[in-house]
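So the chains spell out like this:
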Amino acid sequence: MTFPVLLNLALALAICALLYGMQARHASFTKRVFAGLGLGVVFGAGLQAVYGAGASDIVATNAWLDVIGSGYVKLLQMIVIPLIMVSIVQAILKLRDAASLGKISTLTIGILLVTTVVAACIGIAMAKLFGLSAVGLTASSAEVARGEYLQGNLATAQQLSLPSLLLSFIPANPFLDMTGARKTSTIAVVVFAVFIGISAVGIAGKKPEVFQSFSGFVHVAHVIVMRMVTLVLRLTPFGVFALMAKMVAGSSLQDILGLLNFVVASYAALALMFCVHLAMVAGVGLNPLRYLKKIFPVLVFAFTSRTSAGSIPMSVATQTARLGTPEGTANFAASFGATIGQNGCAGIYPAMLAVMIAPTVGIDPFTVAFLLPLLAIVAFGSIGVAGVGGGATFAALIVLSAMDLPVALAGLLISVEPLIDMGRTALNVSGSIAAGSVTSRVLGQTDMRVFQDDADVNLDGEEQAV
């Protein structure tokens, strides 16, 4: 390890010590997350300024930053399945009403799918407004390799059908799905948890003593899992700092400038769709500014980590502790939102790509004959998209192959993919939270006392300084 790398790591540890000092002084969770984000940007930009993009010292430093950043994400992913299991089972035991369960899941999924179609429309409009087209783009060796990778995965996307997707939601081996082995593992675990909860409620009248014992066990498991969530969330500022520093230090300004039009158009579409989420929240009587303030920390994490599935624990905690959404509804929205109807990865991105690539094969993408099938395919393709890195690629493969467009051209955007994926992931999580909030409010479940409380509730259990 060279001296410059040791110096970089010493500075990174000093920043972590500063963040820990803020925690020791009981600074609010939001302030610590913001501090981690800002310090990560400054540190990453400083590395670029001193060493230059792609320098070996930056690569070595990023490898160590990845221990903190990716390590934190892995810890969150570790608690996703236990959290989904115990939270949904406990919610059903308390609910004891299959009709209410059906309303929650139907309304949540419906909102996710409808907003994905709206997101696709916005993506198409921005592509038209900014004049985006893949015609004339040149490919570097990395982009060619990416195109070949996409072409190699085309067969998997082409084999996808609605019946096969629905079957994939059924957990033939729930223990395998608990490992996250399949793209639809999260939904399969939800289905398994629902079966457990409904089965337990079914014996409540016939064997009340057994039901009470099981209910007590689930309650204890829930308390322990939520304590695990609290412990992991305390690491959020450190994880955000490391993830952001690594992203900024490893980015190429030249590549970003080369595709600046696409980047700006993408973020314009993301911003407009985020405004749609706020309008939905306002439409059901919730203050959009207060709502935005409460969900911002989880959006920051989703932005830096680029994982919708890894954001589930923080999303659930935010919905329950800050927005007043019941835990069962929050878990359904966060779990379904990680794999169904992702507004950024499965809505805006594949729609924009289709509109950009269509002219390369002589198709006018702004005709009704092209747009209607595109929107239908986007809605269908958004079901079962994985909530981790690569979900947007799989969604794009489904849409482009179904529209008979050359998928390899999507590789031309590889240089700015990480930058745009950050915004897409934040929008995915925003969409799932909005779906949970709207569902809860429509069904009259929202605890307005919690939502109206402007105190900065710390998700990590730390006491806030007065």
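Looking up the chain in an unreviewed UniProt entry gives the name Sodium:dicarboxylate symporter, with the organism given as Massilia timonae CCUG 45783.

Q: Lay out the side chain of Arg290 in plain terms, naming residues and giving numbers.
A: Considering the arrangement of structural elements, one finds Arg290 in helix H14 (residues 288-305). Sequence-distant contacts of Arg290, that is, excluding residues within four places in its chain, are made with Phe451, Gln452 and Asp454.

Q: Mind laying out the pattern of salt bridges, listing which residues take part and the relevant values?
A: Using the criterion set out here, one finds four salt bridges in the structure. We note a salt bridge from Asp421 to Arg306, for which the minimum N-O separation is 2.8 Å. Taken together, the residues span a long stretch of sequence, with Asp421 in helix H20 (residues 417-442) and Arg306 in the loop between H14 and helix H15 (312-321) at a distance of 115 residues. Judged by relative accessible area, which is 29%, Arg306 ranks as partly exposed. With a closest N to O distance of 3.5 Å, Arg449 and Asp447 form a salt bridge. Exposure remark for Asp447: the relative accessible area of 27% places this residue in the partly exposed category.

Q: Can you break down H20 residue by residue, with the values?
A: Since one α-helical turn is 3.6 residues long, residues separated by three or four positions face the same way. Helix length check: H20, at 26 residues, gives a terminal C-alpha distance of 37 Å against a target of 38 Å (1.5 Å per residue), a fit within 8%. Within H20, 22 of the 26 residues are buried, leaving the element largely enclosed by the surrounding structure. Phi turns positive, to about 70°, at Gly444, one or two residues after H20.

What counts and how
Residues numbered from 1 in each chain as written. Predicted model: local features only at pLDDT ≥ 70, side-chain atom pairs only at ≥ 80, totals over all residues. Heavy atoms only, no water. Helix = DSSP H or I, 4+ residues; strand = E, 2+ residues; numbered from the N terminus. Contact = heavy atoms within 4.5 Å. Salt bridge = Lys/Arg side-chain N within 4 Å of Asp/Glu carboxyl O. Buried < 20%, exposed > 50% of the residue type's maximum accessible area, 1.4 Å probe, protein only. Expected span 1.5 Å × (residues − 1).

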